[in-house]
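So the chains spell out like this:
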Amino acid sequence: GAGVSQSPSNKVTEKGKDVELRCDPISGHTALYWYRQRLGQGLEFLIYFQGNSAPDKSGLPSDRFSAERTGESVSTLTIQRTQQEDSAVYLCASSIDLSYSYNEQFFGPGTRLTVL
Amino acid sequence: TQLLEQSPQFLSIQEGENLTVYCNSSSVFSSLQWYRQEPGEGPVLLVTVVTGGEVKKLKRLTFQFGDARKDSSLHITAAQPGDTGLYLCAGLLRYAGTASKLTFGTGTRLQVTL
């Protein structure tokens with residue numbers, strides 16, 4: 001497809017388990033973002049990948065959270081030892097981050113994570 | 001520290017009413033975007049404003065960028081139930097021509113009832 005895709009769409013896990021969330025950005029988009037959105041809340045920035053630069057991890061809430069990106073393609077967000085407070089929708093977005101662009105972000109539909 | 005504050009946080013109005021949402025910051029942005037998010041979906045871009053004082057219209061929605069490029073407003077005329085959703089502003093900070101990540105505002109949740 002032409003848009004950003006995320007998988008799984010829903011994930012239910014038990015407290016203490018690890019989870020991996022996947023994002024497939026739009027082809028050619030150099031930048032990729034992960035956000036967390038709790039129920040009824042705005043977007044909480046987690047991490048930003050831009051080309052080959054070191055990722056901006058300033059939004060990761062704890063060392064249980066990590067993310068990887070292979071070149072300018074797929075990214076995975078890993079949450080280790082999940083806690084109930086990690087329950088949220090995790091949104092991925094990609095954009096063409098160029099010096100002359102406005103960096104419009106295209107979002108995926110999100111992964112709804114529920115930690116029991 | 002939240003760079004972009006939106007107000008109000010929540011707004012519940014009846015069909016046909018007008019409303020304004022504000023997005024404020026102490027930072028100067030090179031451009032500012034507005035997104036709308038509907039339940040179960042990711043946010044979708046509505047508009048980008050670039051020039052201080054710029055006004056853009058999208059049907060019943062009017063967007064304005066402040067003269068100093070620190071704030072923006074979204075005005076909806078004759079709101080309809082289809083306008084229901086979460087409205088997010090997002091500012092782009094750019095230094096010396098380099099790209100920078102977007103910073104999203106706190107969000108305004110709008111509900112329009114019949």
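That block above? That's the structure.
Cut-offs applied
Residues numbered from 1 in each chain as written. Chains lettered and ligands numbered in written order. Predicted model: local features only at pLDDT ≥ 70, side-chain atom pairs only at ≥ 80, totals over all residues. Heavy atoms only, no water. Helix = DSSP H or I, 4+ residues; strand = E, 2+ residues; numbered from the N terminus. Contact = heavy atoms within 4.5 Å. Salt bridge = Lys/Arg side-chain N within 4 Å of Asp/Glu carboxyl O. Polar contact = N/O pair within 3.5 Å; in protein donor to acceptor, adjacent residues only side chain to side chain. Nonpolar A, V, L, I, M, F, W, Y, C, P; charged D, E, K, R; others polar. Pairing = 2+ DSSP bridges. Axes fitted to C-alpha atoms, helices over the stretch in contact; angles between N-to-C directions. Phe/Tyr/Trp six-rings, centres within 6.5 Å; stacked < 30°, edge-to-face > 60°. Buried < 20%, exposed > 50% of the residue type's maximum accessible area, 1.4 Å probe, protein only.

Engineer: In this structure, what is going on with unusual backbone geometry? I would like to understand it.
Structural biologist: Of note, the bond from serine 7 of chain A into proline 8 of chain A is cis; its omega dihedral lies within 30 degrees of zero at -10 degrees. Position of proline 8 of chain A among the secondary structure elements: in the loop between β1 (5-7) and β2 (10-13). Cis geometry marks the peptide bond from serine 7 of chain B to proline 8 of chain B; its omega dihedral reads -5 degrees. Looking at where proline 8 of chain B falls in the secondary structure, it is placed in the loop between β1 (5-7) and β2 (10-14). In this structure, arginine 69 of chain B takes a positive phi of about 60 degrees despite not being glycine.

Engineer: What is the right way to read the interface of chain B and chain A from this model?
Structural biologist: One frequently used descriptor of interface size is the decrease in accessible area upon assembly of the parts. Of the residues lining the interface, 23 residues belong to chain B; the matching set on chain A comes to 24 residues. If you look at where chain B meets chain A, you find zero salt bridges. Our count for the contact surface shared by chain B and chain A stands at two residue pairs in polar contact (both at pLDDT 80 or more). Of the residues contributing to the side of chain B that touches chain A, the split by class is ten nonpolar, nine polar and four charged.

Engineer: Looking at this structure, I do not really get the sheet that holds β1 of chain A. What am I missing?
Structural biologist: Sheet strands pair via backbone hydrogen bonds, and the direction of the pair is either parallel or antiparallel. Residues and elements named next belong to chain A. Pairing is antiparallel in the open sheet, where four strands are placed in the order β1-β3-β7-β6. The open sheet has two edge strands, β1 and β6 (65-69), and neither has a second partner. Here the strands of the sheet are splayed against their neighbours by 15 degrees on average, with no regard to which way each runs. In this structure, β6 lies alongside strand β7 (residues 75-79), joined through five bridges in antiparallel fashion. Bridged to arginine 69 within β7 is serine 75.

Engineer: It is not clear to me how the packing of aromatic side chains should be interpreted in this structure. Could you clarify?
Structural biologist: Here a ring pair, both rings aromatic, is described through the centre-centre distance and the interplanar angle of the planes. Scanning all chains against the criterion turns up nine aromatic pairs over all chains. Relative to phenylalanine 107 of chain A, the ring of tyrosine 35 of chain A lies with its centre 5.7 Å away and its plane at 35 degrees, an arrangement referred to as tilted. Note that tyrosine 35 of chain A is positioned in strand β4 (residues 31-37) and phenylalanine 107 of chain A in strand β9 (residues 106-107), a separation of 72 residues in sequence. Here the aromatic cluster, defined as three or more aromatic residues joined through ring pairs, consists of Tyr33, Tyr35, Phe45, Tyr48 and Phe107 of chain A together with Tyr35 and Phe104 of chain B.

Engineer: Can you help me understand the pattern of salt bridges in this one?
Structural biologist: For side chains bearing opposite charge, pairing can occur when the charged atoms are close. Residues and elements named next belong to chain A. Evaluation of the coordinates by the stated rule reveals seven salt bridges over all chains. With a shortest N-O distance of 3.0 Å, arginine 36 and glutamate 44 are connected by a salt bridge. Close ionic contact of arginine 38 with glutamate 44 constitutes a salt bridge, the shortest N to O distance being 3.8 Å. Assessed through its relative accessible area of 32%, arginine 38 is described here as partly exposed. Glutamate 44 gets classed as partly exposed once you look at its relative accessible area, which sits at 28%. Overlapping salt bridges, with partners in common, bring together Arg36, Arg38 and Glu44 in one network.

Engineer: Mind showing me how you'd approach the sheet that holds strand β8 (residues 71-76) of chain B here?
Structural biologist: All names here are of chain B. Strand order across the open sheet formed by five strands is β1-β3-β8-β7-β6, with antiparallel pairing between neighbours. Each of the sheet's edge strands pairs with one partner strand only, and the pair in question is β1 and β6 (55-58). Each strand axis lies, on average, 15 degrees off the axis of its neighbour in the sheet, ignoring direction. Both β1 and strand β3 (residues 19-24) contribute to a ladder of three bridges, which runs antiparallel. Residue glutamine 6 lies in a different strand from β3, and its bridge partner there is cysteine 23.

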